[in-house]
Amino acid sequence: MKYALLGDLHGHYQHTKATLQHIKKIAPTAMVLGLGDLFECHIGKKKAAKLTSYIPLKEAATIKKKFVQLLTFPSIIGNQEERIAQVTGNSSFLQYEECFLINQATLLHGHQFEWDEDFEPNFPAYTTPLLFFGHSHRAAIYVHGQRTAIRYRQPIYVGDGKYEINVGAVVESCDWCLYDSDQMTVTFYQAPME
Ligand SMILES: [Mn+2]
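Computed from a predicted structure; not experimentally measured.

Asks: Explain the pattern of salt bridges to me, using residue names and the numbers behind them.
Replies: Scanning the entire structure with this criterion turns up 2 salt bridges. Close ionic contact of Glu120 with Arg138 constitutes a salt bridge, the shortest N to O distance being 3.4 Å. With Glu120 in the loop between strand E5 (114-115) and strand E6 (121-122) and Arg138 in the loop between strand E7 (130-134) and strand E8 (140-143), this pair connects stretches of sequence that are 18 residues apart. By relative accessible area, Arg138 is classed as partly exposed at 31%. For Arg147, the salt bridge identified is with Glu120, shortest N-O distance 3.7 Å. With Arg147 in strand E9 (residues 146-148) and Glu120 in the loop between E5 and E6, this residue pair connects regions lying 27 residues apart in the sequence. Relative accessible area serves as the criterion here: at 19%, Glu120 is assigned to the buried category. Beyond isolated ion pairs, a larger network of salt bridges with shared partners links Glu120, Arg138 and Arg147.

Asks: Could you give me a rundown of the side chain of Thr16, with the residues and numbers involved?
Replies: By the secondary structure assignment, Thr16 is in helix H1 (residues 13-26). Thr16 sits in the buried class, given a relative accessible area of 0%. A polar contact of 2.7 Å, which involves the side chain of Thr16, links it to the backbone oxygen of His12. The contact partners of Thr16, leaving out residues within four places of it in the chain, are Leu9, Phe67, Leu70 and Val170.

Asks: Report on the pairing of strand E12 (residues 175-180), specifying residues and quantitative values.
Replies: Among the 6 residues of E12, 6 are classified as buried, and the element is accordingly described as predominantly covered. Side chains Asp175, Cys177 and Tyr179 of E12 all project onto a buried face; the interleaved residues Trp176, Leu178 and Asp180 project onto the opposite face, where all are buried too. Judged from the 4 bridges that link them, strand E1 (residues 2-6) and E12 form a sheet pairing that is antiparallel. Residue pairing across strands places Lys2 opposite Asp180, the latter belonging to E12. Pairing of E12 with strand E13 (residues 185-190) involves 6 bridges; the strand directions are antiparallel. Residue pairing for E13: Tyr179 is matched across the bridge by Val186.

Scoring rules and cut-offs
Numbers given for residues are sequential positions, taken from 1 along each chain in its written order. Residue-level local features of this predicted model are given only where pLDDT is at least 70; pairs of side-chain atoms are given and counted only at 80 or more, and the full residue set underlies all totals for whole chains, interfaces and linings. Heavy atoms from the whole structure form the basis of all side-chain values; hydrogens and water molecules are not counted. Salt bridge criterion: a side-chain nitrogen from Lys or Arg within 4 Å of a carboxyl oxygen from Asp or Glu. Under the DSSP-based scheme used, a helix requires at least four consecutive residues in state H or I and a strand at least two consecutive residues in state E, with every element numbered from the N terminus. Buried, partly exposed and exposed residues are distinguished by accessible area as a fraction of the type maximum, computed with a 1.4 Å probe on protein chains only: under 20%, between the cut-offs, and over 50%, respectively. Polar contact is defined as a pair of N or O atoms within 3.5 Å, subject to the rule that within protein one atom must be able to donate a hydrogen and the other to accept it, and that residues adjacent in sequence are counted only when both atoms are side-chain atoms. Throughout, a residue-residue contact means that at least one pair of heavy atoms, one from each residue, lies within 4.5 Å. Here a strand pair is declared whenever DSSP counts at least two bridges between the two strands.

And the structure:
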(Lines give C-alpha, C1' and ligand atoms only; values in the text may rest on other atoms or scores of the structure.)
Protein backbone atom coordinates (compact mmCIF):
# COMPACT_ATOMS: atom_id res chain seq x y z
CA MET A 1 0.00 0.00 0.00
CA LYS A 2 1.20 3.49 -0.83
CA TYR A 3 0.57 6.52 1.33
CA ALA A 4 1.18 10.17 0.40
CA LEU A 5 1.71 12.14 3.60
CA LEU A 6 1.58 15.93 3.79
CA GLY A 7 1.33 18.35 6.68
CA ASP A 8 1.62 21.96 7.84
CA LEU A 9 -0.44 23.42 5.02
CA HIS A 10 -1.29 26.49 7.13
CA GLY A 11 -4.04 27.44 4.71
CA HIS A 12 -1.69 28.03 1.76
CA TYR A 13 -3.93 27.45 -1.26
CA GLN A 14 -1.34 27.59 -4.08
CA HIS A 15 1.17 25.32 -2.37
CA THR A 16 -1.48 22.84 -1.28
CA LYS A 17 -2.84 22.69 -4.82
CA ALA A 18 0.67 22.22 -6.27
CA THR A 19 1.50 19.50 -3.72
CA LEU A 20 -1.71 17.56 -4.34
CA GLN A 21 -1.15 17.81 -8.11
CA HIS A 22 2.38 16.47 -7.69
CA ILE A 23 1.12 13.58 -5.55
CA LYS A 24 -1.40 12.71 -8.26
CA LYS A 25 1.34 12.70 -10.87
CA ILE A 26 3.98 10.73 -8.90
CA ALA A 27 1.74 8.37 -6.91
CA PRO A 28 -1.79 8.34 -8.36
CA THR A 29 -2.84 5.27 -6.36
CA ALA A 30 -1.52 6.46 -3.00
CA MET A 31 -3.85 7.13 -0.10
CA VAL A 32 -3.44 10.79 0.84
CA LEU A 33 -3.28 11.56 4.57
CA GLY A 34 -2.81 14.90 6.33
CA LEU A 35 -0.55 15.38 9.34
CA GLY A 36 -2.28 18.42 10.84
CA ASP A 37 -2.00 22.22 10.78
CA LEU A 38 -4.22 22.37 7.74
CA PHE A 39 -5.26 25.88 8.75
CA GLU A 40 -3.47 28.88 10.25
CA CYS A 41 -4.60 30.52 13.46
CA HIS A 42 -3.89 34.28 13.51
CA ILE A 43 -4.03 34.38 17.31
CA GLY A 44 -0.75 33.42 18.98
CA LYS A 45 -0.47 31.02 21.90
CA LYS A 46 0.02 33.77 24.53
CA LYS A 47 -2.79 35.97 23.24
CA ALA A 48 -5.10 32.94 23.02
CA ALA A 49 -4.45 32.14 26.68
CA LYS A 50 -5.42 35.69 27.74
CA LEU A 51 -8.72 35.86 25.87
CA THR A 52 -11.73 36.01 28.15
CA SER A 53 -14.37 35.44 25.49
CA TYR A 54 -14.63 33.78 22.09
CA ILE A 55 -13.73 35.77 18.99
CA PRO A 56 -15.33 35.48 15.53
CA LEU A 57 -13.87 32.85 13.24
CA LYS A 58 -12.90 35.45 10.63
CA GLU A 59 -10.62 37.12 13.19
CA ALA A 60 -9.03 33.83 14.23
CA ALA A 61 -8.36 32.39 10.80
CA THR A 62 -8.69 33.09 7.09
CA ILE A 63 -10.73 30.19 5.79
CA LYS A 64 -10.89 30.35 2.01
CA LYS A 65 -13.55 28.25 0.36
CA LYS A 66 -11.28 27.23 -2.50
CA PHE A 67 -8.71 26.01 0.04
CA VAL A 68 -11.26 24.00 2.02
CA GLN A 69 -12.35 22.35 -1.23
CA LEU A 70 -8.84 20.91 -1.57
CA LEU A 71 -9.17 19.12 1.77
CA THR A 72 -10.74 15.93 0.48
CA PHE A 73 -8.35 13.64 2.41
CA PRO A 74 -8.45 12.53 6.07
CA SER A 75 -6.11 14.33 8.47
CA ILE A 76 -5.05 14.20 12.07
CA ILE A 77 -5.30 17.34 14.20
CA GLY A 78 -2.59 19.99 14.57
CA ASN A 79 -2.05 22.74 17.11
CA GLN A 80 -3.50 25.30 14.67
CA GLU A 81 -6.86 23.51 14.54
CA GLU A 82 -6.85 23.18 18.34
CA ARG A 83 -6.15 26.90 18.81
CA ILE A 84 -8.80 28.00 16.30
CA ALA A 85 -11.32 25.90 18.24
CA GLN A 86 -10.03 27.28 21.56
CA VAL A 87 -10.39 30.96 20.61
CA THR A 88 -13.63 30.70 18.62
CA GLY A 89 -15.48 27.91 20.42
CA ASN A 90 -16.03 26.38 16.97
CA SER A 91 -15.79 22.66 17.64
CA SER A 92 -15.76 21.69 13.94
CA PHE A 93 -11.99 22.24 14.10
CA LEU A 94 -11.81 19.42 16.65
CA GLN A 95 -13.30 16.89 14.23
CA TYR A 96 -9.85 15.41 13.52
CA GLU A 97 -8.34 12.48 15.39
CA GLU A 98 -5.08 12.90 17.30
CA CYS A 99 -3.40 9.89 15.79
CA PHE A 100 -3.66 7.57 12.82
CA LEU A 101 -2.26 4.05 12.79
CA ILE A 102 -1.48 2.66 9.33
CA ASN A 103 0.64 -0.30 8.17
CA GLN A 104 3.72 -0.36 10.46
CA ALA A 105 3.42 3.36 11.17
CA THR A 106 2.03 5.92 13.63
CA LEU A 107 1.03 9.40 12.43
CA LEU A 108 1.09 12.31 14.88
CA HIS A 109 1.35 16.09 14.63
CA GLY A 110 4.49 17.08 16.54
CA HIS A 111 2.70 19.29 19.08
CA GLN A 112 1.79 16.01 20.79
CA PHE A 113 5.39 15.65 21.97
CA GLU A 114 8.18 17.66 23.58
CA TRP A 115 10.65 19.85 21.68
CA ASP A 116 13.98 21.09 22.98
CA GLU A 117 15.45 24.61 22.70
CA ASP A 118 16.88 23.81 19.24
CA PHE A 119 13.41 22.75 18.10
CA GLU A 120 14.44 19.10 18.01
CA PRO A 121 11.84 16.55 19.10
CA ASN A 122 11.88 14.16 22.05
CA PHE A 123 9.84 11.36 20.62
CA PRO A 124 7.01 9.82 22.62
CA ALA A 125 6.62 6.08 23.09
CA TYR A 126 4.91 4.53 20.11
CA THR A 127 4.29 0.93 19.17
CA THR A 128 4.95 0.77 15.42
CA PRO A 129 8.37 0.61 13.69
CA LEU A 130 7.78 4.01 12.05
CA LEU A 131 6.56 7.40 13.22
CA PHE A 132 5.57 10.07 10.71
CA PHE A 133 5.07 13.60 11.98
CA GLY A 134 5.11 17.30 11.14
CA HIS A 135 5.17 20.58 13.11
CA SER A 136 8.71 21.99 12.82
CA HIS A 137 8.51 22.35 9.02
CA ARG A 138 11.87 20.58 8.61
CA ALA A 139 11.85 17.42 6.54
CA ALA A 140 14.19 14.82 8.05
CA ILE A 141 14.61 11.17 8.89
CA TYR A 142 15.83 10.21 12.36
CA VAL A 143 18.03 7.13 12.57
CA HIS A 144 18.61 5.94 16.16
CA GLY A 145 17.14 9.26 17.25
CA GLN A 146 19.68 11.25 15.20
CA ARG A 147 18.50 13.73 12.63
CA THR A 148 19.84 12.66 9.24
CA ALA A 149 20.04 14.69 6.03
CA ILE A 150 17.66 13.63 3.30
CA ARG A 151 17.86 13.40 -0.44
CA TYR A 152 14.76 14.03 -2.42
CA ARG A 153 13.29 11.50 -4.86
CA GLN A 154 15.46 8.64 -3.58
CA PRO A 155 13.67 5.80 -1.79
CA ILE A 156 15.06 5.11 1.69
CA TYR A 157 14.67 1.58 3.02
CA VAL A 158 13.00 1.63 6.45
CA GLY A 159 12.17 -2.05 6.89
CA ASP A 160 15.13 -2.77 9.17
CA GLY A 161 14.44 -0.81 12.33
CA LYS A 162 12.75 2.12 13.99
CA TYR A 163 12.67 5.45 12.18
CA GLU A 164 11.02 8.80 12.80
CA ILE A 165 10.16 10.76 9.68
CA ASN A 166 9.38 14.47 9.57
CA VAL A 167 7.51 15.01 6.31
CA GLY A 168 8.26 18.76 6.21
CA ALA A 169 5.78 21.50 5.35
CA VAL A 170 3.51 22.35 2.45
CA VAL A 171 3.29 26.04 3.40
CA GLU A 172 6.95 26.86 2.79
CA SER A 173 8.32 24.21 0.48
CA CYS A 174 5.53 21.98 -0.91
CA ASP A 175 7.02 18.99 0.94
CA TRP A 176 5.38 15.61 0.94
CA CYS A 177 6.46 12.08 1.62
CA LEU A 178 5.63 8.80 -0.11
CA TYR A 179 5.51 5.75 2.14
CA ASP A 180 5.31 2.33 0.47
CA SER A 181 4.43 -0.21 3.14
CA ASP A 182 4.98 -3.19 0.79
CA GLN A 183 8.50 -2.15 -0.19
CA MET A 184 9.05 -0.49 3.23
CA THR A 185 10.49 2.62 1.62
CA VAL A 186 10.07 6.31 2.31
CA THR A 187 10.70 8.87 -0.44
CA PHE A 188 10.77 12.63 0.14
CA TYR A 189 9.45 14.94 -2.54
CA GLN A 190 8.97 18.64 -3.13
CA ALA A 191 6.29 19.69 -5.58
CA PRO A 192 7.42 22.34 -8.08
CA MET A 193 6.27 25.78 -6.92
CA GLU A 194 4.72 28.30 -9.27
MN1 LIG B 1 2.23 22.58 14.12
